[in-house]
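# Residue-level structural notes
Spelled out from the first residue to the last, the chains are:
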Amino acid sequence: MRKVVITGLGVVTPLGGDLNSSWKNLISGKSGASTITKFDPAGYPCTIACEVPLGDGLNANDGSFNAEDWISPKDQKKVDTFILYGIAAAEMALKDSGWKPQTEEDSFRAGVGVGSGIGGLASIEKTALLLNEKGPRRVSPFFIPGALINLAAGQISIKNNLKGPNLAAVTACASGSHSIGEGAQMIKNDKADVMLVGGAEAAICPIGMAGFSASRALSTNFNEAPEKASRPYDKDRDGFVMGEGAGFLVLEELDHALSRNARIYGELKGYGVSGDAFHITSPSEDGDGAYRSILMAIDDAGISKEEINYVNAHGTSTPLGDEIELRAVERAFDGAIKGLSMSSTKSSTGHLLGAAGAIEAVFSVMALNENIIPPTINLDNPSVETKIDLVPHNAKEKEIRSVLSNSFGFGGTNASLIFSHHYN
Amino acid sequence: MSDTLEKVQAIVVEHLGVEADKVTASASFIEDLGADSLDTVELVMAFEEEFGIEIPDDAAETILSVGDAINFIDSAKS
């Protein structure tokens, strides 16, 4: 059977413009939340978000994101910001892997899979306003190809000459995880040897904030203390904090990676998927969808549940979802909860929607390699009792055997990924 | 240098990210200045906006070079 290993990582997150700065800030318990600067949020129910720290292009390596490092100013205007983040994080991951196609056959056997929850929402909003003001002849020919969700995958394939499978999972907040899982299937099923997979999102714009506020998903009680707002499992949590960015992994068939002496971060061992068939925005109350997704991933990995001692939770900080996921994990790990840690990195990064599962997969792989569990910050008073260690406030050093990462999306769509060490 | 040439030059430099001295009257948008078909649509839109004129699609198809654009704009304005 063909095995899938991880050989490259890259992110753009609210905690930093690259993996080093993001990981360092994550394990030191920093929050990426602040008052929105992309537009004046006065009058909006939620005025805070986790924005990617933008640099002025002058201070290299200050942990900020500088678009011109990745794409020329002329081409920046032709793509939505989610694609921009995607291009950057994908190139970081590919560079980290030390691999690029050298021959046409290499290109044919390397693909791209990039999910996004909403795609070019800010571009759609801006263009709709322009259309209303100036009429149809002022709509840019780059509007559609700059906003379409699968154009992140398209752009990345063009820039890196990757001519294998070209895919885009669209499953709301599970898009990143589904893209990674489906990318792994391409390798397992011999459709590709290398897959550059992940997720990208940039929905911090007026219509995005208004829309998620209207569906009562966002935190509104912490506008004066943004860094306290994302607080999964805490009794004062009142909704998620919107984040933005992108995360990418280079997935590679094991022998392909071994033959070039690649650094192997770990193995993508298990993938589980399910649907709730329950409600458009709420998870099923008994957590059945999450439970079945987790079980399928464990079964797919072919390991005992005792082997998993860290869960990177979906944990968005919404009143309903956090406890439902916690109960589903308790049920799935029945009899194997001793020594199980579970944290939500969304407490630091906010919720990156379709990029969430992707950056969390990267953080899961980092935890596995560094033997450090990122904390659940702001968890002052858990709303429920559990025997699972929720890693409040501070990162924890621990020898990690395998990691489970969960993502759940609107529409009742669930994905679970399991990452394990690769032993020669 | 005519006023039209100067404005057209500035628009082309901004949209295509090319050096100003490459934007001569004889320069073809696609062959010499690296534009693709969508770039040329956007250029025509930018000319319409800048000069307050309308360039119908069939006319736009005949504007292949910087000189073509200047000639069309000057005749549309007069």
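Keep in mind it's a predicted model, so treat the numbers as computed, not measured.

Time to look at helix α12 (residues 321-332) of chain A. All names here are of chain A. Helix length check: α12, at 12 residues, gives a terminal C-alpha distance of 16 Å against a target of 16 Å (1.5 Å per residue), a fit within 8%. Summarising burial for α12: 9 of the 12 residues are buried, a large majority. When α12 is considered as a whole, its buried residues turn out to be Gly321, Asp322, Ile324, Glu325, Leu326, Ala328, Val329, Glu330 and Ala332. Turning to α12, the residues buried within the fold contact α11 (288-301), β9 (308-312), β10 (341-343) and β13 (402-409).

Residue and element names in this part refer to chain A. The strand order across the open sheet formed by 10 strands is β5-β4-β6-β7-β1-β8-β14-β13-β9-β10, and the pairing between neighbours is mixed. One side of each edge strand has no neighbouring strand; the edge strands of this open sheet are β5 (166-167) and β10. Bridge count between β9 and β13: 4 bridges; the pairing is parallel. Note on β13: the bridge partner recorded for Ile308 is Ser402. Sheet contacts for α12: β9, β10 and β13; angle to β13, the most-contacted strand, approximately 140°.

Below, the discussion takes up the packing of aromatic side chains. All names here are of chain A. Per the counting criterion, the structure on display carries 6 aromatic pairs over all chains. With centroids separated by 6.2 Å and ring planes inclined at 45°, the aromatic side chains of Phe212 and Phe410 adopt a geometry described as tilted. Placement of Phe212 in helix α9 (residues 206-214) and of Phe410 in the loop between β13 and β14 (413-420) is noted, with a sequence separation of 198 residues between them. Taken together, the ring pairs in this structure connect Phe212, Phe240 and Phe410 into an aromatic cluster.

All names here are of chain B. With respect to the helices, strands and loops of the structure, Val66 is situated in helix α4 (residues 66-77). On a C-alpha basis, the gap between Val66 and Gln9 in space is 8.0 Å, while along the polypeptide they are 57 residues apart. What Val66 contacts, discounting residues up to four positions off in sequence, is Leu5, Val8, Val23, Thr24, Ala25, Ala27, Phe29 and Leu33.

All names here are of chain A. The end-to-end C-alpha distance of helix α8 (residues 175-188), which contains 14 residues, comes to 20 Å, matching closely the 20 Å that a straight helix rising 1.5 Å per residue would cover. Burial of α8 is extensive: 10 of the 14 residues sit out of reach of the surface. Downstream of α8 by one or two residues, Asp190 has phi in the positive range, about 65°.

So, about the interface of chain A and chain B. Listed per partner, the contact involves 11 residues of chain A and 16 residues of chain B. Across the chain A/chain B interface, buried area totals approximately 1100 Å², and carbon plus sulfur atoms make up 45% of it. For the interface between chain A and chain B, the tally reads 6 salt bridges. Of the charged contacts in the structure, one is a salt bridge between B:Asp39 and A:Lys78, with a shortest N-O distance of 2.7 Å. Where chain A touches chain B, the interface holds 8 residue pairs in polar contact (both at pLDDT 80 or more). Each residue belonging to the side of chain A that touches chain B can be placed in one class, and the counts come to 4 nonpolar, 1 polar and 6 charged.

Each value, and the rule that gives it
Residues numbered from 1 in each chain as written. Chains lettered and ligands numbered in written order. Predicted model: local features only at pLDDT ≥ 70, side-chain atom pairs only at ≥ 80, totals over all residues. Heavy atoms only, no water. Helix = DSSP H or I, 4+ residues; strand = E, 2+ residues; numbered from the N terminus. Expected span 1.5 Å × (residues − 1). Buried < 20%, exposed > 50% of the residue type's maximum accessible area, 1.4 Å probe, protein only. Contact = heavy atoms within 4.5 Å. Pairing = 2+ DSSP bridges. Axes fitted to C-alpha atoms, helices over the stretch in contact; angles between N-to-C directions. Phe/Tyr/Trp six-rings, centres within 6.5 Å; stacked < 30°, edge-to-face > 60°. Buried area = accessible area lost by both parts, 1.4 Å probe. Salt bridge = Lys/Arg side-chain N within 4 Å of Asp/Glu carboxyl O. Polar contact = N/O pair within 3.5 Å; in protein donor to acceptor, adjacent residues only side chain to side chain. Nonpolar A, V, L, I, M, F, W, Y, C, P; charged D, E, K, R; others polar.

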